[in-house]
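# Examining the three-dimensional arrangement
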Amino acid sequence: MRVVIGGGTGFVGRHLCRLLREHGYRTTIISRKEGPDQMTWNSLSELGLPEDCTAVVNIAGENILNPMVRWSEEFKNAVISSRVDTTKMMAEMIKKARNPPKVFVTMSGVGYYEPSPTAEYTESSTGGDFDFLSRLCTDWESAGSLPDDMAVRRVIVRSGVVLGRDGGMIQQLFLPFFLGIGGKIGTGKQWFPWIHIADISGIICHAIKNDDVTGILNGVAPEMATNSDFTQAYGRAMWRPTVFPIPTFMIKFMYQSERSKIILEGQKVIPKRTLESGYKYVFPDLKSTCSDCAKLMSS
Ligand SMILES: NC(=O)c1ccc[n+]([C@@H]2O[C@H](COP(=O)([O-])OP(=O)(O)OC[C@H]3O[C@@H](n4cnc5c(N)ncnc54)[C@H](OP(=O)(O)O)[C@@H]3O)[C@@H](O)[C@H]2O)c1
């Protein structure tokens, strides 16, 4: 039983590979670099999927919120291509495979849903066509389409902000919060759809293992929170005050206007189908998640 994971070298990928191995799977990562248990995208396109591949996952994607790179057309194209073209290539490889895998799981984002202070979104809500990010999610999701007559299950996970001690947003926030200079972002009233790293990997593993899981799953925790709720919970977990808000203009300066919306606006996202699918969260609440993310060392 082998799972092939595009972009498996990153934050989510490291946790996912570890979890899948605990569940008895072998893993092969598709990466831009050579490495142990890795194939490059070029060798995937030349050699195809390994014969014993039971599941294919794509979580590759250029980091959108890299503050060191300006939000230029060139960078936007890299953001699109790293998600859409890699997903398309995996779909092509599945179509060509002599023994196709049982399931194809791909990542998307809650940016599919339009930011709003009042709307509540489940997996069946509309969206996906109002700004750059939402259209990216639509193209990313449809890039993995397979012919109807192929018996390969399709699962798409629309992820919220992934929280974990050793990567993603917490890696940026740990030091300022530790030093007692953390604070809410902008007004702090924007929704903050979040998920613990153990659960985003858990949902992908659940989707691979359970034959009845199909379609869209919201990759967010069941406890809804605003940016202020998160800031207070993380400050409390660190035993630190959170009285230094980060002003809106600073976020706009760092990330430029279009991209800063990801941080300054948010969506209230409910994991309705994820819960109905029988997934049991390891970290369903913000308090236990923030305690875990406040540890000095990652486990
Ligand atoms: N972390 C979050 O809070 C969050 C929230 C919502 C959605 N997501 C999505 O979840 C996925 C995984 O997130 P992550 O936090 O694990 O990201 P990550 O740590 O940045 O890892 C993503 C991986 O994608 C590959 N990649 C990066 N740029 C690429 C490019 N230009 N072309 C091809 N591959 C490229 C890299 O693998 P190689 O260097 O080995 O090629 C990298 O290890 C991403 O698609 C992200 O958009 C993440």
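Computed from a predicted structure; not experimentally measured.

### Quick word on the overall build of the protein chain
- Counting its regular elements, the protein chain contains eleven helices and eleven strands.
- A globule of 299 residues ought to have a C-alpha radius of gyration of about 19 Å, and the protein chain, at 19 Å, matches this closely.
- Expressed along its principal axes, the backbone C-alpha trace of the protein chain runs to roughly 60 × 40 × 35 Å.
- A total of 299 residues make up the protein chain; the buried ones form 54% of that total.
- Of the contacts formed within the protein chain by residues at least 6 apart in sequence, a portion of 79% connects residues at least 24 apart.
- Accessible surface for the protein chain amounts to roughly 14200 Å². Of this, 55% is attributable to carbon and sulfur atoms.
- In the protein chain, 34 side chains carry a positive charge and 31 a negative one; their mean positions are 5 Å apart.

### A word on the sheet that holds strand β3 (residues 38-40)
- Taken together, seven strands build an open sheet; the order of strands is β3-β2-β1-β4-β5-β7-β10 and the sheet is parallel. Taken across any chain shown, the strands that pair with only one partner, and hence form the sheet edges, are β3 and β10 (215-219). Strand-to-strand twist in this sheet, taken as the mean axis angle between neighbours without regard to direction, amounts to 20°.
- Two strands pair when backbone bridges link them, and strand β4 (residues 53-58) and strand β5 (residues 103-109) are joined in this way by four bridges, in the parallel orientation. Of the residues in β5, the one forming a bridge with valine 56 is phenylalanine 104.
- Docked against the sheet, helix α3 (residues 73-96) engages β1 (2-6), β2 (26-31), β4 and β5, running at close to 165° with respect to β4.

### So, the packing of aromatic side chains
- According to the stated counting rule, one finds nine aromatic pairs in the structure shown.
- Measuring from centroid to centroid gives 5.8 Å for tryptophan 71 and phenylalanine 75, while their planes differ by 70°, and the two rings are edge-to-face.
- The class for tryptophan 71 is buried, based on a relative accessible area of 13%.
- Accessibility expressed as a relative area gives 6% for phenylalanine 75, which makes it buried.
- For the pair tryptophan 71 and phenylalanine 132, a centre-to-centre distance of 5.3 Å together with 90° between the ring planes defines the contact as edge-to-face.

### Considerations on helix α4 (residues 132-142)
- For α4, the full list of buried residues reads Phe132, Leu133, Ser134, Leu136, Cys137, Trp140 and Glu141.
- Tucked into the core, α4 has its buried residues touching α3, β5, β7 (153-159), β10 and α9 (257-264).

### Remarks on the nonpolar core
- Ranked by internal contacts, the top residues of the largest apolar core, which has 32 residues, are Val57, Val105 and Ile208.
- Elements supplying a minimum of two residues to this core: β1, α1 (11-22), β4, β5, β7 and α6 (197-209).
- Broken down by element, this core gets its largest block of residues, seven residues, from α6.
- Not counting the four nearest positions on each side in its chain, valine 57 is found in contact with Val3, Val4, Ile5, Gly6, Leu16, Met90, Val105, Ile204 and Ile208.
- Val4, Leu49, Val56 and Leu146 belong to the second largest nonpolar core, which has 18 residues in total.

### Details of helix α11 (residues 286-293)
- Within the sequence span of α11, burial applies to Leu286, Thr289, Cys290, Asp292 and Cys293. For α11, the arc enclosing every buried residue in end-on projection is 160°, short of the 170-degree limit, so these residues lie on one face.
- Packing partners of the buried residues in α11 comprise β8 (161-164), α5 (168-178), β9 (194-196) and α7 (227-238).
- The opening residue of α11 is aspartate 285, an N-cap whose side-chain oxygen sits 3.4 Å from the backbone nitrogen of lysine 287.

### Here we look at the pairing of β7
- The buried fraction of β7 amounts to seven of the seven residues, a majority that puts the element mostly inside the structure.
- Going residue by residue along β7, you find Arg153, Val155, Val157 and Ser159 tucked away on one face and Arg154, Ile156 and Arg158 tucked away on the opposite face as well.
- Inspection of the sheet shows β5 paired to β7 by seven bridges, in the parallel sense. The residue bridging valine 105 from the neighbouring strand is valine 155, located in β7.
- Looking at chain direction, β7 and β10 are connected through five bridges and run parallel. Paired with valine 157 across the two strands is leucine 217, which belongs to β10.

Procedures and definitions
- Residues numbered from 1 in each chain as written.
- Predicted model: local features only at pLDDT ≥ 70, side-chain atom pairs only at ≥ 80, totals over all residues.
- Heavy atoms only, no water.
- Helix = DSSP H or I, 4+ residues; strand = E, 2+ residues; numbered from the N terminus.
- Rg over C-alpha atoms; globule rule 2.2 N^0.38 Å.
- Buried < 20%, exposed > 50% of the residue type's maximum accessible area, 1.4 Å probe, protein only.
- Contact = heavy atoms within 4.5 Å.
- Areas by Shrake-Rupley, 256 points an atom, 1.4 Å probe, with all protein chains shown as cover.
- Lys, Arg positive; Asp, Glu negative; His and termini not counted.
- Charge placed at Lys NZ, Arg CZ, Asp CG, Glu CD.
- Pairing = 2+ DSSP bridges.
- Axes fitted to C-alpha atoms, helices over the stretch in contact; angles between N-to-C directions.
- Phe/Tyr/Trp six-rings, centres within 6.5 Å; stacked < 30°, edge-to-face > 60°.
- Core = buried A, V, L, I, M, F, W, Y, C linked by side-chain atoms within 4.5 Å.
- Arc of directions from axis to C-beta.
- Polar contact = N/O pair within 3.5 Å; in protein donor to acceptor, adjacent residues only side chain to side chain.

In short, the description is geometric, and any link to function would need to be established separately.
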